[in-house]
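So you can see what is in the structure, the chains are spelled out below.
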Amino acid sequence: ESVETLREKYARIAQETEEILAPLSENDLATIRQGSRPMTERDIILHVLQHCSEHLGQMRLTRQLWESLKSKVKG
């Protein structure tokens, strides 16, 4: 995929996320959902954000490693 395609996907997902989260009220966020353990919707959203942040960190580290190896091959 091209960088532009990835940017378009990112923009679409950001818009969809805004459409899903914007209408949630405090009561919605306090609603407890039953899964492997009871969690509020707020906690579920925070868990997803933390998980995504971990993946972003992994991608950054991979990019740094790739850039480092690329510069060693050239130089």
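A brief look at the structure comes next.

### Observations regarding the overall build of the protein chain
Next, step 1: Within the protein chain, the regular secondary structure consists of three helices and two strands.
Next, step 2: In the protein chain, the order of α-helices and β-strands from amino to carboxyl end is α-α-β-β-α.
Next, step 3: Taken over the C-alpha trace, the protein chain has a radius of gyration of 18 Å; the compact-globule value for 75 residues is 11 Å, which it surpasses by more than 25%.
Next, step 4: Counting only C-alpha atoms, the protein chain reaches 60 × 30 × 15 Å along its principal axes.
Next, step 5: For the protein chain, with 75 residues in total, the buried portion stands at 5%.
Next, step 6: In the form shown here, the protein chain has an accessible surface area of approximately 6900 Å², with 59% of it arising from carbon and sulfur atoms.
Next, step 7: Taken together, the 11 basic and 12 acidic charged side chains of the protein chain have centroids lying 11 Å from each other.

### Section: the pattern of salt bridges
Next, step 1: Applying the stated criterion across every chain, the model contains five salt bridges.
Next, step 2: In this structure, Glu41 and Arg33 form a salt bridge, with 2.5 Å as the shortest nitrogen-oxygen distance.
Next, step 3: Given the relative accessible area of 17%, Glu41 is considered buried.
Next, step 4: Among the ionic pairs, Lys70 bridges to Glu67, the shortest N-O distance being 3.7 Å. With Lys70 and Glu67 both in helix H3 (residues 41-74) and three residues apart, the pair spans about one turn of that helix.
Next, step 5: We classify Glu67 as partly exposed; its relative accessible area is 29%.

### Thoughts on the side chain of Thr40
Next, step 1: Checked against the element boundaries, Thr40 lands in strand E2 (residues 39-40).
Next, step 2: A polar side-chain atom of Thr40 sits 3.0 Å from the main-chain amide nitrogen of Asp43.
Next, step 3: Ignoring any residue separated from it by four or fewer positions in sequence, one finds Thr40 in contact with Leu29, Ala30, Thr31 and Ile32.

Reading guide: rules and limits
- Residues numbered from 1 in each chain as written.
- Predicted model: local features only at pLDDT ≥ 70, side-chain atom pairs only at ≥ 80, totals over all residues.
- Heavy atoms only, no water.
- Helix = DSSP H or I, 4+ residues; strand = E, 2+ residues; numbered from the N terminus.
- Rg over C-alpha atoms; globule rule 2.2 N^0.38 Å.
- Buried < 20%, exposed > 50% of the residue type's maximum accessible area, 1.4 Å probe, protein only.
- Areas by Shrake-Rupley, 256 points an atom, 1.4 Å probe, with all protein chains shown as cover.
- Lys, Arg positive; Asp, Glu negative; His and termini not counted.
- Charge placed at Lys NZ, Arg CZ, Asp CG, Glu CD.
- Salt bridge = Lys/Arg side-chain N within 4 Å of Asp/Glu carboxyl O.
- Polar contact = N/O pair within 3.5 Å; in protein donor to acceptor, adjacent residues only side chain to side chain.
- Contact = heavy atoms within 4.5 Å.

By themselves, these figures tell us nothing about what the structure is for.
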